[in-house]
Amino acid sequence: MKKLSSAQIRKMFLDFFKSKGHKILPSSSLIPDDPQLLFTVAGMVPFKKIFWGLEKPKYPRVATVQKCLRTNDIENVGKTPRHQTMFEMLGNFSFGDYYKKEAIEYAWEFLTKWLEIPEERLWVSIYEDDDEAYELWTENIGLEPRKIVRMGKEDNFWGPVGPSGPCGPDSEIFYDTMLDVKECPDPDKCDPTCDCDRFLEVWNLVFTGLYQNEKGEIGELERKNIDTGMGLERITAVMQNVESVFETDLFIPFIKKSEKLFGKSYGKNEKNDISMRVIADHSRASAFLIADGVFPSNTERGYVLRRLIRRAVRHGKLLGKDEPFLYKFVDVVNEVMGEFYPEIPEKYDLIKETIKAEEERFFNTLDQGLALIEKIVSSSSTISSEEAFKLYDTYGMPLDITLEIAKEKGVKVEVDGFNALMEEQRKRAREKRGDKAFVGRTYEKLANTKTEFIGYDELKCDAKVVAIISNGESVSELRAGEEGEVVFDKTPFYAEKGGQIGDTGICRWKDGIGKISNTYLNGSLHLHQLKVERGTLEVSMEATLEVDEERRNDTARNHTATHLLHAALRKVLGEHVKQAGSLVSFDRLRFDFTHMKPLTKEEIQKVEDMVNAVILEAVPVTTEIMSLEEAKESGAMALFNEKYSDEVRVVSVGNFSKELCGGTHVKNTGNIGSFVILEEKATSAGVRRIEATSGRNTLKMIREMRTEIETLSKELNTPPNSLVQKVKEVIKENSDLSDRLTRVKEKMLKRMLDETLEKAKKSSQEIVVFDAQDASSAQARNIADMALNSIKNGVVIVIFSPKKDKSSFVVKSSGRVKANEVAKKIASAFGGKGGGRLDMAQGGWNKKVSAKEVDEALKA
Ligand code: SER
């Protein structure tokens with residue numbers, strides 16, 4: 001058997017099915033376009049409507065590598081060799097095209113001929129009365145009958161996903177690991193029906209010929225379909241000859257990162273291993289969810305994300321971390337999967353920041369939450385529903401974590417009571433909002449509303465108000481002073497996407513006007529954040545939309561400049577430069593890219609020169625719509641996933657740059673005017689960031705610099721061309737003065753100290769209190785030493801306050817009196833803290849305390 005990397009397996013799978021006439025489509029989002037489902041749980045989900053016959057297929061046969069998420073077994077993740085939340089599914093699909101025969105033949109050919117898995121290692125299961133499948137396996141493939149097992153509905157019937165939908169009997173292919181499984185109840189008769197771990201299911205072929213309605217009734221589909229799914233992680237484990245998915249090249253980099261970060265070795269301690277596996281799994285899932293637009297929250301998808309991040313944080317805590325760490329794994333997600341899933345490098349910053357912020361929120365309360373659990377379990381064998389709820393509500397502890405800890409400690413949790421309390425809280429929140437609907441549903445219900453975007457060519461148009469959303473609810477109007485999200489049938493407003501900010505502008509209608517302060521997408525909903533200034537905006541009204549032209553033009557300049565920058569970086573630094581994030585705003589652009597070391601001054605200048613040369617040449621900027629394949633063949637840089645759309649937009653600047661891009665651009669590079677790099681720095685290991693600006697902003701910047709120079713020149717009374725020399729002189733002068741001042745102060749302090757000591761000796765005082773003013777603590781200790789040397793026997797207290805509103809002190813004693821006791825006493829006399837050794841102690845107060853006050857307090 002060949003040893004293959006996961007990347008090779010992905011590619012071979014797609015190549016194989018391409019050679020069998022399949023259209024290869026990119027992975028769809030983890031968030032399905034399906035109100036019945038929270039997540040894409042299988043490769044077939046994006047095609048559910050096609051299977052069902054509700055939508056026409058564009059291609060009769062398709063193959064994908066689909067990112068999927070399942071959270072039903074989340075508590076097992078990390079504890080077994082195979083449980084995961086996020087995984088990749090290799091799938092081939094037929095929509096009324098081929099059926100059982102080809103599905104079985106293709107799977108067999110791929111496994112035995114392409115992956116070269118020995119036939120004797122493969123077994124199959126079929127649905128109990130599927131004789132057709134039995135015949136195909138025995139007669140067409142020639143599989144020995146003893147290697148075919150029949151199983152019931154539990155095992156060999158798939159779907160529907162959600163309450164209704166397509167489904168059907170299936171046939172699963174198993175890989176015989178030939179491992180001696182200790183727990184196997186009957187090793188001689190072991191086959192795929194056995195519960196032991198010897199047989200690993202690798203591929204599920206579903207013969208999707210049926211559907212189930214919401215009542216549970218099953219009917220025949222008009223078209224017979226094929227849906228297959230093979231977990232990439234499992235087949236990779238087989239091909240890499242390892243027992244657990246966590247030992248494949250998909251996960252090892254995560255485990256390595258954990259070893260480094262937590263200073264622990266994998267494979268030494270089962271508990272640590274579990275935590276490392278949980279972190280590996282959850283960091284991948286969290287990154288992909290955020291890339292697909294989910295944010296941590298307390299409802300639905302957002303809560304799943306929150307639970308994933310918080311569960312991972314708890315496991316990091318078990319491994320000894322007390323501060324955010326999970327965000328550091330985003331680098332690993334990017335390294336392992338960024339190439340195949342461009343949304344990861346594209347949303348890199350957002351993912352990192354979102355995870356880090358959520359970690360910080362949870363770390364703030366985690367210790368208190370854990371302490372409360374400890375307290376509860378030390379005196380009780382049950383965590384009550386109220387306690388579990390308090391942990392959730394006050395300390396942000398998701399129920400899974402409470403359950404997991406409870407299980408470890410051997411105590412129970414009153415889950416039903418907890419759920420009842422949760423429901424009550426939800427009810428209260430709904431009542432407070434004054435209605436019974438769920439907020440999330442509002443957007444879901446509007447999900448099919450389409451807005452035509454005409455903003456590539458026009459900045460103004462007439463449009464109809466299709467929907468208005470206020471505080472998450474659909475409303476029929478917005479009155480003067482009110483703000484909401486408005487959907488139009490048509491718009492010139494660009495919605496934030498691909499790093500480019502959303503447009504702003506004005507909306508006018510009969511007797512009314514409103515300001516649009518942002519435009520963005522929620523799923524495919526094109527939302528305008530609009531505040532009514534006069535009149536009332538109602539659903540179905542006609543309105544005129546007008547984009548703020550200057551701001552849009554500034555943004556377009558920065559966007560085209562970003563493409564030029566990207567191309568110039570690749571030409572100057574090399575082809576390894578890849579976009580890792582981008583922000584295109586009206587006043588500046590920010591571009592993150594992969595590169596190992598800081599740019600030299602020469603490199604920065606070269607890049608800047610190259611971009612400006614293209615600007616000065618005034619090269620036309622052209623856009624073309626073409627198929628994804630054509631675009632790739634033409635050498636266009638593909639930066640984001642045009643999900644399932646076959647047509648992509650390609651923006652070209654002569655032969656200098658060619659990128660897939662949905663953003664708005666200038667018509668000619670001459671329109672950019674000028675381009676300057678403002679800053680170059682690191683953002684994370686291997687990723688650099690450039691901030692730059694163009695057009696009118698460079699002029700604005702030069703003006704600001706000119707004003708600053710003029711001000712400096714006036715203040716320093718020096719012509720601009722000798723400013724540098726003058727500043728050097730001033731700095732030198734300043735440092736000389738400061739040295740002199742220090743010496744004078746030291747002299748003065750010394751004299752005052754001498755006087756104080758003189759007096760002390762004369763009156764054979766045993767305690768000397770000296771005010772060293774703004775001396776540093778090192779100086780204060782020095783003074784205390786000198787003083788003690790001089791009086792020989794007794795105690796010296798030196799007060800000093802280098803900071804305003806604070807005083808500190810040093811106590812030194814020659815022996816009889818304990819310095820630490822003196823320190824404690826004088827500290828507490830004025831509400832401070834102090835302590836130390838018998839001969840030396842220190843302390844301080846959060847206010848000014850003078851030597852005189854201390855002296856008097858001592859006397860008293
Ligand atoms: N839908 C089936 C599964 O998830 C086959 O792709 O197993």
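Residues numbered from 1 in each chain as written. Predicted model: local features only at pLDDT ≥ 70, side-chain atom pairs only at ≥ 80, totals over all residues. Heavy atoms only, no water.

With that out of the way, let us pick up the state of the cysteines. In this structure the tally under the stated criterion is zero disulfides. Cysteine Cys167 remains unbridged, with the sulfur of Cys68 as its closest cysteine sulfur at 19 Å. The exposure class assigned to Cys167 is buried, which follows from its relative accessible area of 1%. Here Cys194 stays free of any disulfide, with the sulfur of Cys196 as its closest cysteine sulfur at 3.7 Å. (Disulfide = S-S within 2.5 Å. Buried < 20%, exposed > 50% of the residue type's maximum accessible area, 1.4 Å probe, protein only.)

Before going further, it helps to examine the sheet that holds strand S23 (residues 579–584). Pairing is antiparallel across the open sheet formed by four strands, whose spatial order is S23-S24-S29-S28. The sheet is open, and its two edges are formed by S23 and strand S28 (675–684), each paired on a single side. Neighbour to neighbour, the strand axes of the sheet diverge by 15 degrees on average, direction disregarded. Across five bridges, S23 lies against strand S24 (residues 589–594) in antiparallel orientation. Its bridge partner being in S24, Ser582 is matched across the sheet by Phe591. (Pairing = 2+ DSSP bridges. Helix = DSSP H or I, 4+ residues; strand = E, 2+ residues; numbered from the N terminus. Axes fitted to C-alpha atoms, helices over the stretch in contact; angles between N-to-C directions.)

Summarising the model, the protein chain shows a mean pLDDT of 91, and 97% of its residues fall at 70 or more. Least confident of the elements in the protein chain is helix H16 (residues 439–445), whose mean pLDDT is 65; most confident is helix H18 (residues 601–616), at 98. Within the model, pLDDT remains below 50 along residues 434–439, and this stretch shows nine contacts once partners closer than five positions in the same chain are excluded. The low-confidence segment residues 640–644, where pLDDT is below 50, has 24 contacts with residues more than four positions distant or belonging to other chains. (pLDDT = per-residue confidence, 0-100. Contact = heavy atoms within 4.5 Å.)

Here we come to the sheet that holds strand S25 (residues 621–627). In space, the three strands of this open sheet follow the order S25-S26-S27, with antiparallel pairing throughout. The open sheet has two edge strands, S25 and strand S27 (657–660), and neither has a second partner. In this sheet, neighbouring strand axes are inclined to one another by 25 degrees on average, regardless of whether the strands run parallel or antiparallel. Here strand S26 (residues 647–653) pairs with S27 via four bridges, running antiparallel. Counted as the bridge partner of Val651 is Glu659 from S27. On the sheet, helix H17 (residues 549–573) packs against S25, S26 and S27 and is oriented at approximately 115 degrees with respect to S27.

What follows concerns the pairing of strand S13 (residues 460–470). Across five bridges, S13 lies against strand S22 (residues 542–547) in antiparallel orientation. Note that in S22 the partner of Lys460 across the bridge is Glu546. Sheet analysis places S13 next to strand S16 (residues 483–488), joined by four bridges and oriented antiparallel. For Val465, the partnering residue across the bridge sits in S16 and is Phe488. Here three bridges tie S13 to strand S14 (residues 473–475), and the two strands are oriented antiparallel to one another. Residue Ser470 lies in a different strand from S14, and its bridge partner there is Glu473.

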